[in-house]
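# Summary of the model geometry
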Amino acid sequence: MSTSENTTPADEAPDDAPAADAPEESAPAAEAARPADAFLDAGRTVSVPGVLSAETFALASLLLLAPAVTGQRLFELFGRFAFTDVTLETEGHLASVNADLLAYGGLGVLTVLTASLSLVLGRDTTRPWARWLSSATVLTGGVFVVLAIVTYVIAAGRI
């Protein structure tokens, strides 16, 4: 039994969709179908970071904040003066406390300035982690500056 119709895959394709245009139309669709790359790139061209880039200043602000975060002396002084009635016996003891507070407050100010510079230098090609890190270090450094100032005011009133 033979059939008079001989069907091939080319005969079954509809005539209204040309095969030559399909690869050209699928090229942009293939690039849009990469959600992981689109998230990482965020639709921006990546700039090459240099020594004076936003990323560098974001990392520098983190390194400046590290001693203040890991040190316990600022919290110890704040707790001693804020929650107890201890008084300072001599001016020398106040000078020692002031030196500690100046060191922690100075690191906090440098952290805020460096992270703020990173945010100012940031462009639309700056990596998102640099912006997040700079924002976090501005907030955390600000907390350390305020804590050092409040502790100094309380300690100066206790002599």
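Data block above holds the structure.
Residues numbered from 1 in each chain as written. Predicted model: local features only at pLDDT ≥ 70, side-chain atom pairs only at ≥ 80, totals over all residues. Heavy atoms only, no water.

Another point: the packing of aromatic side chains. The final tally for this structure, using the stated rule, is 2 aromatic pairs. With centroids separated by 5.7 Å and ring planes inclined at 65 degrees, the aromatic side chains of F75 and F144 adopt a geometry described as edge-to-face. Within this pair, whereas F75 is found in helix α5 (residues 73-83), its partner F144 is found in helix α7 (residues 128-156), the two being separated by 69 residues in sequence. According to the relative accessible area criterion, F144 is buried, its value standing at 6%. Pairing F78 with F83 gives two aromatic rings, centres 5.8 Å apart and planes at 85 degrees, and the pair type is edge-to-face. Exposure remark for F78: the relative accessible area of 22% places this residue in the partly exposed category. (Phe/Tyr/Trp six-rings, centres within 6.5 Å; stacked < 30°, edge-to-face > 60°. Helix = DSSP H or I, 4+ residues; strand = E, 2+ residues; numbered from the N terminus. Buried < 20%, exposed > 50% of the residue type's maximum accessible area, 1.4 Å probe, protein only.)

Further remarks concern the nonpolar core. Among the nonpolar cores identified, the biggest contains 14 residues, and L74, F81, L88 and V97 are the most heavily contacted of them. Elements that contribute at least two residues to this core include exactly α4 (54-70), α5, α6 (91-121) and α7. Excluding anything up to four places from it in sequence, V97 contacts L77, F81, L88 and A155. (Core = buried A, V, L, I, M, F, W, Y, C linked by side-chain atoms within 4.5 Å. Contact = heavy atoms within 4.5 Å.)

What follows covers the side chain of T114. Positionally, T114 belongs in helix α6. With residues up to four places along the chain from it excluded, the contact list for T114 reads F57, A60, S61 and L64.

Direction vectors running N to C along α5 and α7 enclose 40 degrees, while the axes themselves pass 9 Å from each other. The orientation of α5 with respect to α7, classified from their angle, is oblique. The interaxial crossing formed by α5 with α7 has left-handed handedness. Of the residues in α7, those touching α5 at L74, F75, L77, F78, F81 and A82 are F144, L147, A148, V150, T151, I154 and A155. Of the residues contributing to the contact of α5 with α7, the split by class is 12 nonpolar, 1 polar and no charged. (Axes fitted to C-alpha atoms, helices over the stretch in contact; angles between N-to-C directions. Parallel < 35°, antiparallel > 145°, perpendicular 65-115°, else oblique. Left-handed = near helix turned anticlockwise from the far one by under 90°. Nonpolar A, V, L, I, M, F, W, Y, C, P; charged D, E, K, R; others polar.)

According to the stated counting rule, one finds 4 salt bridges in the structure shown. Each of the salt bridges in this network shares a partner with another, and the network as a whole consists of R73, E76, R80 and D100. (Salt bridge = Lys/Arg side-chain N within 4 Å of Asp/Glu carboxyl O.)

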